[in-house]
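One letter stands for each residue in the lines below.
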Amino acid sequence: MLALPMNLDRQALLDGLQAFLRIPSISTLPEHQPDIRRAAEFVAAELRAGGLEQVRLIEGGGNPLVSAEWLGAPGKPTLLLYGHYDVQPPDPLDEWHSPPFEPTIRGDDIFARGASDDKGQTYILIQAVASLLRDTGALPVNIRFLIEGEEEVGGEHIESYLKAQGRNLGADAALIADTELFAPGLPTLCVGLRGIIYTEVEVTGAGHDLHSGVYGGVAPNPLQALAHILAGLKDPQERILIPGIYDRVRRPSPAELEAWARLPFDEEQYRIKEVDVPELVGEPGYNIFERTWARPTLEVHGIRGGFTGEGAKTVIPARATAKVSLRLVPDMEPEETFRLFSEHVSRLAPRGVRVRATNLHGGGPSVVDPDNHFIRVAAQALDEVFASQTVYIRSGGSIPIVGLFDQYAGIPSVMMGFGLPDDNLHAPNEKFHLPNFFLGMEAVRRYLEMLGQ
Ligand code: BES
Ligand code: ZN
């Protein structure tokens, strides 16, 4: 592992990270509410131990927000550090090589749910600040922390908090560690994200399940109706068939497209090593970066209904549901996109069934203008720590808070993340590359120092 100039107790940092990763703080599963609270308390305790002030849990409609501050650098900028302590469900469990909530180090990687998304990265922010405070007795800039516990489920609590705070948030920019490097060793700033709407489509037929021999011929089949609807959402070329869906899509500028074309990228390696598919799919006429970063997409995540056990059961189910999301790009709007989606779903509904689409959560897309002081200094800090020139990319994932920082608080977000493309986010065997954990900490420290100069 890399030798770093910082005076860090690596083992203590790893122990702390492992304790964090052991808490199964899965925000989407109600039975994990006690773990959500434990994770929030853990974050608060680390902030307190790190010398931060005014550490508190902000209670509200949803999972607690953890906030803290250190405002001892008058005249210097105030940076708001954001991360999330909630994680995605770990299933399918049998595909993990070590249990998701028993963090395990193999080689240079630590494996656990949340290792890189986002506990490992949140921990980088906390420990970068704590170690700087410990080593120098003060911070070069003012710091606020805002760590949330429902990023993976849309982040309603932080949205209402930000709405209420508005321009009184008291920060000049946000630093977000929840993204990834474009390639190992290549310092990266993310300057664009897709938005999302996450929906559930429910199809109901008869008032109760029916014998398929006795009623087949007269009763509508909700599962097949659902299959028909889902099949009508995209064409075989992956183009979304919802009328109007592409109307607001803004193409990246020629300069941005040229910069993407210069990124070090081997499509065949990507196909084989990272995606592991016989063939990449997607809209014709757009390259991989455009397809994953700058075009809307639609995915079905799960389908439920009818009989799926061992053996056979002849039944016409009364009900079927599917989870479907769309990724949004500038200038698409979540509410309008949901309206277009649900209108199209209604149009596709066959006779005899009732169809209802529900909007579970959403967040807008965002692009950040890289030509601002906070991003320029971030690139300098990364250049120095990684000894390589920083690249600017977008990501296909969503961090709804980025658009909200801009909208409600009027501040830019610096997305400085240290994950890797093969970290298996949301999938079995999620990992975090430990050299990136330490390099990330050094980069954040250096960034704060340079901002304070
Ligand atoms: N950290 C991810 C988003 C991300 C992934 C950004 C990779 C850049 C590169 C974030 O925690 C996430 O997964 N967000 C959810 C948000 C949604 C559920 C509202 C997502 O994108 O699915
Ligand atoms: Zn995530």
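Coordinates for the structure precede this section.
The rules behind each value
Each residue is numbered by its place in its chain's sequence as written, counting from 1. Here chains are named by letter from A upward and ligands by number from 1 upward, in the order in which they appear as written. Local features are withheld for residues below a pLDDT of 70 in this predicted model, meaning they are given only at 70 or higher, and side-chain atom pairs are given and counted only at 80 or more; totals for whole chains, interfaces and linings count all residues. By convention in this description, side-chain values take in all heavy atoms of the structure and omit both hydrogens and water. In this text, helices come from DSSP runs of H or I with a minimum length of four residues, and strands from runs of E with a minimum of two, each type numbered from the N-terminal end. Taken over C-alpha atoms, the radius of gyration is set against a globule rule of 2.2 Å times the number of residues to the power 0.38. Note on classification: 1.4 Å probe, protein chains only; a residue is buried when its accessible area is under 20% of the maximum for its type, exposed when over 50%, partly exposed between these limits. Contacts are assigned to residue pairs with any non-hydrogen atoms lying within 4.5 Å of each other. Only the protein chains shown count as cover for residues, and all accessible areas are computed by the Shrake-Rupley method using a 1.4 Å probe. Here the positive residues are Lys and Arg and the negative ones are Asp and Glu; neither His nor the chain ends is included. By convention, the charge on Lys lies at NZ, on Arg at CZ, on Asp at CG and on Glu at CD. Nearness is judged by heavy atoms alone; a residue qualifies as near a molecule or strand once a single heavy atom is within 4 Å of it. Two N or O atoms form a polar contact when they lie within 3.5 Å of each other; inside protein one atom must be a possible hydrogen donor and the other a possible acceptor, and for residues adjacent in sequence the pair counts only when both atoms belong to side chains. Fitting a line to C-alpha atoms yields each axis, with helices limited to the stretch in contact; the angle taken between N-to-C directions then spans 0 to 180 degrees. Working rule for angles: under 35 degrees goes down as roughly parallel, over 145 as roughly antiparallel, 65 to 115 as roughly perpendicular, anything else as oblique. In this scheme, a crossing is called left-handed if the near helix is turned counterclockwise away from the far one by less than a right angle; it is called right-handed if the turn is clockwise.

> Can you walk me through the overall build of the chain in this structure?
Across its full length, the chain holds 13 helices and 18 strands. Taking 2.2 N^0.38 as the reference for a compact globule, 453 residues should give roughly 22 Å; the C-alpha atoms of the chain span a radius of gyration of 23 Å, in line with that estimate. Principal-axis analysis of the C-alpha atoms gives the chain an extent of 80 × 50 × 45 Å. Going through the 453 residues of the chain one by one, you find that 55% of them count as buried. In the chain, the share of contacts with a sequence separation of at least 24, taken over all contacts with a separation of at least 6, comes to 79%. Here the chain has roughly 19,800 Å² of accessible surface; of this, 49% comes from carbon and sulfur atoms. For the chain, the distance from the average site of its 40 positive side-chain charges to the average site of its 61 negative ones is 4 Å.

> Looking at this structure, how should I read the site of ligand 1?
Close to ligand 1 lie 17 residues; Asp-117, Glu-151, Asp-178, Arg-327 and Ser-398 are nearest. In this structure, His-84 approaches ligand 1 through a side-chain N or O atom, which is 3.0 Å from an oxygen atom. Measuring from an oxygen atom of ligand 1, one finds a side-chain N or O atom of Arg-327 at 2.8 Å. Starting from 510 Å² of accessible surface for ligand 1 in isolation, the protein chains cover 93%.

> Sorry, what's going on with the packing of helix H11 (residues 373–386) against helix H13 (residues 434–452) here?
Each pair of packed helices gets described by two things: the angle between the helix axes and the distance between those axes. It is at 9 Å that the axes of H11 and H13 come closest, and there the two elements cross at 130 degrees. Considering their axes alone, H11 and H13 lie oblique with respect to each other. Judged by the twist between their axes, the crossing of H11 over H13 is right-handed. Residue-level contacts link His-373, Phe-374, Val-377, Ala-378, Gln-380, Ala-381, Leu-382, Glu-384, Val-385 and Phe-386 of H11 to Leu-439, Glu-442, Ala-443, Arg-446, Tyr-447, Met-450 and Leu-451 of H13.

> Would you take a moment to explain the side chain of Ser-366 for this structure?
With respect to the secondary-structure elements, Ser-366 resides in strand S15 (residues 366–367). Owing to a relative accessible area of 8%, Ser-366 belongs among the buried residues under this scheme. Ser-366 has contacts with Val-191, Gly-192, Leu-193, Val-402 and Gly-403, leaving out every residue within four places of it along the chain.

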